[in-house]
Amino acid sequence: MAVTKLFGASIKRREDPRLITGMATYTDDLTLPGMAYAQIVRSPHAHARIVRIDAAAARRHPGVVAVFTGRDLAGALKPIPTAWLIPNADLKTPPHPPLAVDTVRYAGDGVAVVVATDRYAARDAAQLVEVTYEPLPAVVDQITAAGPGAPQIHAEAPGNLAFRWAVQGGDAGAAFAEAQRDGVVVSQRFVNQRLIPNAIETRSVLARYNSGSGELTVWYTTQNPHIARFLMSVVTGIPEQKIRIIAPEVGGGFGSKIPFYPDEAVVAFCARAIGRPVKWTEDRRENYLATIHGRDHITDLELAARTDGTVTGIRGKTWANLGAYLSTAAPGIPTILHGLMLPGCYAIPNLSYEVQGVFTNTAPVDAYRGAGRPEATYLIERMMDLLAARLGMDPAEVRRKNFIPPDRFPYTTAAGLQYDSGNYTPALERALEAAEYRRLRSVQQQGPKDNRYLGIGLSTYVEICGLGPSAVAGAVGFQGGLWESATVRLHPTGKATVFTGTSPHGQGEETTFAQIVAEELGLPIDDIEVVHGDTGSISMGWGTYGSRTTVVGGAAIALAARRVRDKATKIAAHLLEAAESDLVFDRGRFYVRGSPDRAKSIQDVTLQAYLAWNLPAGVEPSLEASAYYDPSNFTFPFGAHVAVVKVDAETGEVELRRYVAVDDCGRVINPMIVDGQVHGGLVQGIAQALWEGAAYSAEGQLLTGSMADYAVPRAHMFPRFVTGRTETPSPHNPLGVKGVGETGTIASTPAIVNAVVDALRPFGITHLDMPLTPERVWTAIRTHARR
Amino acid sequence: MIPAAFEYVAPTSVQEAIALLQQHGDEAKVLAGGHSLLPIMKFRLAQPKLVVDIGRIPGLDGIARSGDTITIGALATHDAVERSGLLREHCPLLPETASVIGDMQVRNRGTIGGSLAHADPAADYPGAVLALDAEIVARGPGGTRTIPARDFFVEMLTTALQPAELITEVRVPVIGKGTGTAYVKHAHPASGYAVVGVAVVLEAGGGTCRRCAIGINGVAGKAYRATAVERALAGRALDEKTVAAAAAHAADGVDVQGDLYASSDFRAHLASVYTKRAVLLAASRAG
Ligand SMILES: Cc1cc2nc3c(=O)[nH]c(=O)nc-3n(C[C@H](O)[C@H](O)[C@H](O)COP(=O)(O)OP(=O)(O)OC[C@H]3O[C@@H](n4cnc5c(N)ncnc54)[C@H](O)[C@@H]3O)c2cc1C
């Protein structure tokens with residue numbers, strides 16, 4: 001490959017050939033001798049008392065090995081823990097049994113498990129488990145659930161309140177008093193609807209328990225194998241050193257594979273109980289019912305501003321629907337990752353915001369791509385447009401006016417976060433230029449053509465990435481560290497294996513990580529293997545989420561590689577009989593400054609490190625190093641997006657004509673992979689604005705229970721995206737990178753809604769809740785036209 | 001998603017298939033492309049004991065012309081219909097309709113016979129076969145009969161087919177000069193099925209509508225002919241205003257369906273708008 005500089009090159013993803021030719025090995029592809037299959041029997045009711053479970057017919061079914069109920073498991077397994085215990089919020093953590101014992105709390109709650117010699121028998125027998133339910137009243141929306149007289153879901157959480165969390169900064173009361181006197185206050189209720197994550201691979205677990213050695217091995221679809229090992233140990237009581245968790249190829253997660261679900265504990269229990277390996281693979285319907293959902297906020301928000309457009313304060317309250325149980329990270333998503341980001345990229349000095357976490361009879365809600373930050377960005381970006389409309393200002397102007405100026409970084413926000421670096425105006429100007437903003441505004445001035453209304457929407461965002469400093473994790477109640485581990489091992493032949501504690505599952509880090517090591521050590525990229533997702537070969541790690549993999553994991557790898565280089569330099573200096581300080585290391589070769597012809601290659605040095613015939617005094621044999629990188633701060637990528645839509649006023653149909661995304665994720669290791677991440681994020685964020693939305697009936701039945709009802713976006717629904725970049729390195733990250741896995745999802749949703757509302761301005765429409773289906777748009781036009 | 005256990009048999013002739021269906025009655029189901037049957041089996045909404053795969057019966061997938069009629073074999077896939085040169089030239093409504101069914105995988109497997117026999121009210125073919133006054137040829141224990149499209153759709157998921165009858169072919173007329181056709185559709189963003197789909201066959205002359213036939217699917221419990229619109233257009237000028245006024249009757253007299261995505265009010269409105277657009281498009285093609 002004629003690439004001279006690997007860092008910054010658009011190298012094709014090395015994982016793709018196996019993925020697109022079907023040669024990748026996923027959990028469900030694995031078969032072990034004697035393996036049995038589990039099927040979980042799930043409640044059809046959203047809320048009910050379990051009166052009786054009769055499994056006799058299921059046990060008689062040919063091929064059935066065992067049937068277990070919640071009661072059978074109660075003594076053997078601990079409740080499923082919550083791992084983000086936010087402080088000062090009166091957090092309630094009602095027990096979450098691996099299988100329901102007395103009460104089911106959502107349609108999809110597990111009540112029994114059938115294990116059989118093949119998956120067909122397991123599925124058939126599951127239907128024969130007779131469960132007698134006494135239905136209880138159910139509640140699905142969070143405001144009703146938090147209100148008086150609502151059905152109570154957990155005795156431990158009166159009023160269905162899981163927590164009450166707040167953030168204050170400055171003096172919001174004074175800011176609003178002033179704005180009411182001689183400024184403006186805009187207020188709006190926002191619904192950020194519930195979404196279903198839809199990873200292409202559903203969840204799957206294969207557990208093997210060796211009763212001779214007492215070892216439990218679990219292959220499964222997790223984004224964080226070491227956290228899973230820790231929680232598996234807590235729930236099963238099997239000592240952590242006897243547990244090995246392997247994440248083979250994992251087909252996407254978007255956050256839905258972070259949690260430790262009841263199902264993995266149940267499958268591990270079954271394997272141990274019957275003495276055979278047991279596999280369970282979720283089908284798509286089960287995935288919709290029982291894998292976590294995302295978002296689901298209702299917010300009342302107010303913004304205070306001066307008449308010149310300067311924003312002085314923001315205050316409000318959100319009701320976050322958490323579903324029936326607290327999933328692993330659930331409490332932290334609508335609070336720490338959401339509330340703290342409410343001020344966005346603006347210098348807003350005064351803030352007062354409260355979030356109530358509410359239990360309902362729905363599937364648990366946890367992190368979904370962006371996790372809290374899309375909800376925050378949606379709120380502030382809609383508010384900026386409402387303010388612009390109120391003041392008759394251009395939405396771009398309102399934003400420019402309120403951006404945190406570049407000379408104020410690092411900048412401490414009213415929410416207490418310190419943004420590392422930023423330069424927001426250039427990104428906005430570049431996006432406006434690429435979208436031909438001025439020209440479009442003048443076209444818009446000429447009025448609609450053929451009853452089709454042009455709309456232009458902006459979204460300027462900042463997000464919190466690279467989770468994160470461990471001390472902060474501890475302070476906000478995250479029950480873990482957030483540093484990352486890396487080991488770079490050179491083999492005697494000069495090839496390298498890199499071990500990372502992150503767990504990529506589609507993002508392409510096998511490629512970017514190899515680029516980092518190739519750059520640091522001057523090795524050919526194809527000589528570098530990246531190993532991840534196995535607690536048996538990787539000492540420790542915290543996994544892949546929160547756009548942390550490259551930022552934290554990549555930094556750890558760079559540090560480990562630099563340590564390897566330092567040691568290699570010592571050996572090379574010894575072999576070249578020169579002082580270390582006289583050596584030059586260039587593209588894999590060590591030489592004495594001025595005599596590049598007499599060089600030792602990194603491969604030569606590596607071999608000598610292993611042979612150890614002639615090492616300098618005090619230098620140990622072999623050539624490998626580990627690093628444990630704990631970031632000093634989060635990183636804060638930012639950018640500006642512009643959406644251009646046409647709304648057909650006759651049908652309410654929205655056509656997305658053009659989409660421009662200018663993102664700043666710091667230094668870019670592989671532009672093609674960054675573009676890919678941005679594209680994927682845009683697709684998901686745009687889909688929330690226009691099509692996606694999970695719905696439950698009042699009784700708690702999931703109405704969008706399949707892909708025939710729930711609109712997963714497809715390629716043909718989008719225009720060709722225009723992407724651009726500015727580059728503002730993170731000052732504290734060893735690679736200067738900021739993270740890009742979630743930017744697209746975070747920025748795009750409000751850009752689309754702003755564009756559609758902008759198009760509908762002639763009708764006097766100021767806000768519409770998502771998804772912006774044709775009927776919603778048409779109904780709004782009709783009711784406003786009538787007024 | 002795993003269907004209930006079933007037996008599978010692949011007969012090699014229509015007679016053999018009919019005999020199997022006769023023998024097994026209600027417990028047997030015909031399988032063609034499988035793109036409607038298998039999903040409902042996986043949801044266990046259908047649990048046939050025997051699946052009779054007609055997909056290997058030779059000679060059921062041809063597309064041929066004789067005189068003023070084009071005959072399409074029941075096993076012709078949506079993709080084959082979309083690509084057929086014969087149909088594109090002489091009955092372009094069907095390729096246009098086929099081209100917007102589902103996605104490429106669906107079009108590669110799904111068959112015209114299967115789609116019609118399944119009679120999903122949101123499927124795309126029913127409107128087109130109604131507008132074309134197509135004939136559905138069925139073969140059963142009692143021999144072969146021809147069912148006019150307008151008698152074929154009985155209600156949601158129910159057709160005029162007898163229990164052991166198979167569709168063997170569909171016959172459509174050759175579309176002559178002076179007649180334009182069009183199919184326009186508002187697709188459901190999730191399923192891809194028609195929320196509203198309007199098929200029009202329109203004979204024009206001197207800027208007026210001589211005769212038109214309009215088939216609508218997606219709107220009611222079964223596809224129907226929008227006879228009120230047809231009557232309102234007959235002999236009238238084909239300008240936008242006249243067409244819009246006529247199209248306002250697109251859902252007259254039918255029980256309009258509502259769901260999470262589109263209420264019955266909105267669907268009725270879309271039916272009018274899409275009918276207007278389909279008529280104008282067909283008129284523009286009636287050169
Ligand atoms: C993801 C997806 C999206 C789709 N989107 C659309 C869409 O947008 N528009 C649309 O119109 N359709 C859509 N479909 C349905 C698709 O067109 C099906 O192929 C079609 O409805 C049925 O045809 P088939 O050959 O697959 O029939 P099968 O599924 O094999 O059979 C369907 C039914 O017809 C019976 N049957 C089949 N052939 C015969 C015959 N010759 N004689 C008598 N009975 C028979 C079967 O017994 C069964 O009851 C979609 C399907 C999927 C899976």
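Residues numbered from 1 in each chain as written. Chains lettered and ligands numbered in written order. Predicted model: local features only at pLDDT ≥ 70, side-chain atom pairs only at ≥ 80, totals over all residues. Heavy atoms only, no water.

Draft legend 1. View of the domain arrangement of chain A. Residues and elements named next belong to chain A. Split by domain assignment, chain A resolves into domain 1 (16–22 + 483–629), domain 2 (31–136 + 201–251 + 257–290) and domain 3 (370–465 + 634–786). Here the C-alpha centre of domain 3 lies 40 Å away from the C-alpha centre of domain 1. The interface of domain 1 with domain 3 comprises 18 residues on the first partner and 18 residues on the second. Both sides of the domain 1 and domain 3 interface together cover about 1200 Å² of buried area, and 63% of this is carbon and sulfur. Across the contact surface, domain 1 and domain 3 share zero salt bridges. Between the two partners, domain 1 and domain 3, sit five residue pairs in polar contact (both at pLDDT 80 or more). Broken down by secondary-structure element, the contributors of at least two residues to the side of domain 1 that touches domain 3 are α15 (509–521) and α16 (549–575). (Domains from an automatic or database assignment. Contact = heavy atoms within 4.5 Å. Buried area = accessible area lost by both parts, 1.4 Å probe. Salt bridge = Lys/Arg side-chain N within 4 Å of Asp/Glu carboxyl O. Polar contact = N/O pair within 3.5 Å; in protein donor to acceptor, adjacent residues only side chain to side chain. Helix = DSSP H or I, 4+ residues; strand = E, 2+ residues; numbered from the N terminus.)

Draft legend 2. Structural context of the pairing of strand β23 (residues 589–592) of chain A. Residue and element names in this part refer to chain A. Where strand β22 (residues 583–586) and β23 come together, four bridges link them in antiparallel fashion. Residue pairing in the sheet places aspartate 586 in a bridge with arginine 589 of β23. With antiparallel pairing between neighbouring strands as the criterion, β22 and β23 make up a hairpin whose turn holds two residues, including arginine 587 at a positive phi of roughly 45°. Inspection of the sheet shows β23 paired to strand β24 (residues 599–601) by three bridges, in the antiparallel sense. Residue phenylalanine 590 lies in a different strand from β24, and its bridge partner there is lysine 600. In textbook terms, the turn of a hairpin is the stretch between consecutive antiparallel strands, and for β23 and β24 this stretch comprises six residues, one of which, glycine 594, has a positive phi near 95°. (Pairing = 2+ DSSP bridges.)

Draft legend 3. Molecular detail of unusual backbone geometry. Each neighbour pair has its own omega, and for Phe409(A) with Pro410(A) the value is -5°, a cis peptide bond. Residue position: Pro410(A) is located in the loop between α11 (395–402) and β16 (411–412). A cis amide bond links Met770(A) with the next residue in sequence, Pro771(A), at an omega value of -10°. You can see Pro771(A) is positioned in the loop between α19 (743–759) and α20 (774–786). You will see that Glu577(A), though not glycine, has its phi angle at about 55°, which is positive. By secondary structure assignment, the location of Glu577(A) is in the loop between α16 and β22. In this structure, Asp133(B) takes a positive phi of about 50° despite not being glycine.

Draft legend 4. Seen up close, the interface of chain B and chain A. The partner chain A presents 28 residues to the 23 residues of chain B that form the contact. Summed over both partners, the interface of chain B with chain A buries about 2100 Å², with 57% contributed by carbon and sulfur atoms. Across the pair Arg277(B) and Glu650(A) runs a salt bridge whose closest N-O atoms are separated by 2.9 Å. Between the two partners, chain B and chain A, sit eleven residue pairs in polar contact (both at pLDDT 80 or more). Examining the composition of the side of chain B that touches chain A, we find that eight residues originate from one element, helix α12 (residues 264–285) of chain B, more than from any other. Counted by class, the side of chain B that touches chain A contains 13 nonpolar, six polar and four charged residues. (Nonpolar A, V, L, I, M, F, W, Y, C, P; charged D, E, K, R; others polar.)

Draft legend 5. Local environment of helix α4 (residues 119–126) of chain A. Residues and elements named next belong to chain A. Most of α4 is tucked away: six of the eight residues are buried. Every buried residue of α4 is accounted for by Ala121, Ala122, Arg123, Asp124, Ala125 and Ala126. Residues of α4 that are buried in the fold lie against β1 (36–42), α2 (56–60), β3 (64–69) and β5 (110–116). Taking the backbone nitrogen of tyrosine 120 as reference, a side-chain oxygen 2.9 Å away marks aspartate 118 as the first, capping residue of α4. (Buried < 20%, exposed > 50% of the residue type's maximum accessible area, 1.4 Å probe, protein only.)

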